[in-house]
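Structural overview
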Amino acid sequence: MATLEPDSAGFVTPRRPAISLPKLRWTQMLAISIFYLALTFHWAALGLIILPSQVFKLVGDADKGVALAFVVVPGAFVSLFANPMFGALSDRTRGWLATWGRRRPYIVMGTLVNIGALIWMAASRDILSLAIAYAVVQFSSNAAQAPFHALLPDIVPAEQRGTASGVMGLLQTFGTIGGVIIAGLFLDSSKPLPIYRQELWLTYGIIIVILLVLMLVTILSVHERQGASAQLAALEAEEAAANPPSVAQTARRPWFQRIPRPIVLNIAMTLIVAGAAWGIMTLWNALNIANIQINSNVEQVILEIIATIGLLRLFDFHPRRDPDFAWVLLTRLVMMLGIYTIQTYLLYYMRDAVGAPHPEQQTTNFAIIVALTSLISAFVVGWLSDRYGRKRMVYLAGGFMALVGLIFILSHSLPIVLAAGAIFGLGYGAYQSVDWALVADVLPSHKNYARDMGVWNISLSLPGVVAPVIGGPIIDSFTRSGHSLVGYQVLFAMAIVYCLIGTVAVRYVRGVKK
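Residues numbered from 1 in each chain as written. Predicted model: local features only at pLDDT ≥ 70, side-chain atom pairs only at ≥ 80, totals over all residues. Heavy atoms only, no water.

Further remarks concern the overall build of the protein. A tally of helices and strands in the protein yields 18 helices and two strands. Buried positions account for 57% of the 514 residues belonging to the protein. Taking as baseline every contact in the protein between residues at least 6 positions apart, the subset at least 24 positions apart corresponds to 82%. Only carbon and sulfur atoms are counted for the fraction: they give 69% of the accessible area of the protein, which is about 21200 Å². (Helix = DSSP H or I, 4+ residues; strand = E, 2+ residues; numbered from the N terminus. Buried < 20%, exposed > 50% of the residue type's maximum accessible area, 1.4 Å probe, protein only. Contact = heavy atoms within 4.5 Å. Areas by Shrake-Rupley, 256 points an atom, 1.4 Å probe, with all protein chains shown as cover.)

Two elements in contact, helix α2 (residues 35-59) and helix α4 (residues 104-123), have axes separated by 14 Å at closest approach and are oriented at 20 degrees. By the criterion of interaxial angle, the relationship of α2 to α4 is roughly parallel. When the axes of α2 and α4 are compared, the crossing they make is left-handed. Only Ile107, Thr111, Asn114, Leu118 and Met121 of α4 make contact with α2, whose side of the interface consists of Phe35, His42, Leu46, Leu51 and Gln54. Considering only residue class, the contact of α2 with α4 consists of six nonpolar, four polar and no charged. (Axes fitted to C-alpha atoms, helices over the stretch in contact; angles between N-to-C directions. Parallel < 35°, antiparallel > 145°, perpendicular 65-115°, else oblique. Left-handed = near helix turned anticlockwise from the far one by under 90°. Nonpolar A, V, L, I, M, F, W, Y, C, P; charged D, E, K, R; others polar.)

Attention now moves to the packing of α2 against helix α3 (residues 64-91). Where α2 meets α3, the axes come as close as 9 Å, and the angle between the chain directions of the two elements is 120 degrees. Relative to α3, α2 is oriented oblique. Taken as a pair, α2 and α3 cross one another with a handedness that is right-handed. Listed contacts from α3 to Leu51, Pro52, Val55, Phe56 and Val59 of α2 are Lys64, Ala67, Leu68, Val71 and Val72. Residue composition of the contact of α2 with α3, grouped by class: nine nonpolar, no polar and one charged.

Moving on: the pattern of salt bridges. Counted under the stated rule, the structure contains two salt bridges. A salt bridge links glutamate 199 to lysine 191; the nearest nitrogen and oxygen atoms lie 2.9 Å apart. By relative accessible area, which is 11% here, glutamate 199 ends up buried. Measuring nitrogen to oxygen at the nearest pair gives 2.9 Å for the salt bridge that ties arginine 321 to aspartate 322. Residue class for arginine 321 comes out partly exposed when judged on its relative accessible area of 40%. (Salt bridge = Lys/Arg side-chain N within 4 Å of Asp/Glu carboxyl O.)

Now for the confidence of the model for the protein. Averaged over all residues, the pLDDT of the protein is 78; the fraction at 70 or higher stands at 81%. When pLDDT is averaged over each helix and strand of the protein, the minimum, 41, is found for strand β1 (residues 4-6) and the maximum, 93, for α4. (pLDDT = per-residue confidence, 0-100.)

Before going further, it helps to examine the packing of aromatic side chains. Aromatic ring pairs: the centre-centre distance and the angle between the two ring planes describe each pair. This structure, assessed with the given rule, holds 14 aromatic pairs. Consider the rings of tyrosine 36 and phenylalanine 148, whose centres lie 6.3 Å apart with planes at 20 degrees: the pair is stacked. One end of the pair, tyrosine 36, is in helix α2; the other, phenylalanine 148, is in helix α5 (residues 127-155), with 112 residues separating them in the sequence. The two residues tyrosine 36 and phenylalanine 148 agree in class, both being buried. Ring centres of tyrosine 349 and phenylalanine 492 lie 5.0 Å apart, and the angle between their planes is 85 degrees; this geometry places the pair in the edge-to-face category. Here tyrosine 349, found in helix α13 (residues 346-354), pairs with phenylalanine 492, found in helix α18 (residues 484-505); they are 143 residues apart in sequence, far enough to count as distant. Phenylalanine 492 matches tyrosine 349 in its accessibility class, with the two residues each being buried. Linked through ring pairs, Tyr349, Phe366, Phe408, Tyr488 and Phe492 together constitute an aromatic cluster. The ring centre of phenylalanine 56 lies 3.9 Å from the NZ or CZ of arginine 351, which sits over that ring. (Phe/Tyr/Trp six-rings, centres within 6.5 Å; stacked < 30°, edge-to-face > 60°. Lys NZ or Arg CZ within 6 Å of the ring centre and 35° of its normal.)

Put into structure tokens, the structure is as follows:
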């Protein structure tokens with residue numbers, strides 16, 4: 001039987017109980033994971049094609065970088081807290097809602113709200129409306145994603161995690177291909193506004209249909225009663241029956257008295273630090289110290305980083321207690337920062353540096369090449385990582401992606417850029433296929449899979465905040481000075497540094513030997 005002890009946030013965490021999970025057929029893995037194809041279709045279409053194109057159509061060329069950051073950054077910040085929050089809620093689902101499972105209700109509800117927010121995005125006629133709608137999309141999508149990502153460590157046995165991660169990599173590849181093909185095929189910002197809006201509605205409509213259909217396939221295929229969460233629930237019931245609570249323990253207290261003290265202190269300290277930082281930055285600008293003004297985007301990033309640290313502590317992230325989990329988090333954070341630095345402004349790079357006459361289409365072509373070459377590495381590397389080690393695959397992936405950044409700096413010929421997409425695809429597919437398996441190996445707690453996966457996904461969300469805020473002003477500044485090419489070279493040099501740091505950091509994950 002599992003023994004239970006409170007963690008530092010006041011939650012009860014088991015001491016690694018013995019969990020037995022049955023082996024899955026590949027068709028079961030595919031059916032359970034298929035929703036990931038819809039999610040990657042959704043985000044590839046939005047991130048690579050739709051949002052940059054829609055923002056450009058709304059504001060024009062001069063301010064597109066900052067405007068895109070204005071839309072993307074609040075949504076990325078929402079995902080910082082939404083993902084671990086819904087993961088924690090999923091882990092602690094009880095009562096009548098739990099009869100449907102701990103994960104499935106959130107996947108269904110999150111997807112339905114996501115669909116409504118996509119309709120709002122399609123109808124947006126100004127940047128502010130688009131930014132608010134995008135934030136709702138991030139919130140609702142993460143409400144579905146965090147419990148979904150917890151399904152795999154909850155159901156897949158350890159010896160099949162590399163294979164399952166490879167399946168996820170393949171689905172991500174197909175989703176990316178489909179998303180960019182559809183968005184690139186139907187969207188053309190050079191067309192008149194009425195025609196462009198029709199294309200926009202059609203593109204959003206296809207995303208909605210795919211999300212809804214594949215979500216239903218996944219939730220109808222999952223048997224949560226066989227998973228680790230269900231087994232832990234049974235162990236908890238046995239423990240409760242063997243040790244019934246006293247009368248004092250069962251007495252009802254007001255809801256505010258039931259919130260653990262560490263949580264209250266953490267929230268209060270985060271608000272105090274954020275308020276102090278905001279006050280200092282406001283005073284700095286008012287006094288015009290050193291004739292340097294801290295712009296709103298920088299202020300926003302600083303406040304969001306403070307909030308992120310608070311969120312990590314709120315959801316029981318302790319690097320000293322769980323160093324392997326912390327290193328995996330750092331590895332993914334800087335690696336994704338490099339990827340986002342390239343991905344967010346790829347369409348504008350095609351327009352300004354490469355000089356592509358139809359940048360949406362060439363961005364689509366690049367993404368298709370990336371996705372196709374990812375197929376070569378995604379499933380194979382996931383399988384190889386079970387036999388030859390996760391770290392070696394990350395070293396390989398980081399080297400390939402850094403090389404692509406170097407090629408982008410040195411050459412701006414369309415054929416060479418597209419060829420570089422093939423190299424990027426090999427590295428990106430290798431990294432994505434082993435990424436999930438690596439974190440599954442070092443998750444701190446069996447009981448809190450969804451919460452910990454939500455914490456891990458902060459390393460995906462935070463780069464989405466930082467990359468646009470850094471990249472947007474750089475691009476706009478060099479564009480206004482007539483040296484747009486130099487701006488992109490600076491961005492890609494930064495991407496190289498990020499990928500190299502991420503590659504080196506994985507060697508410090510001690511729980512994964514090779």
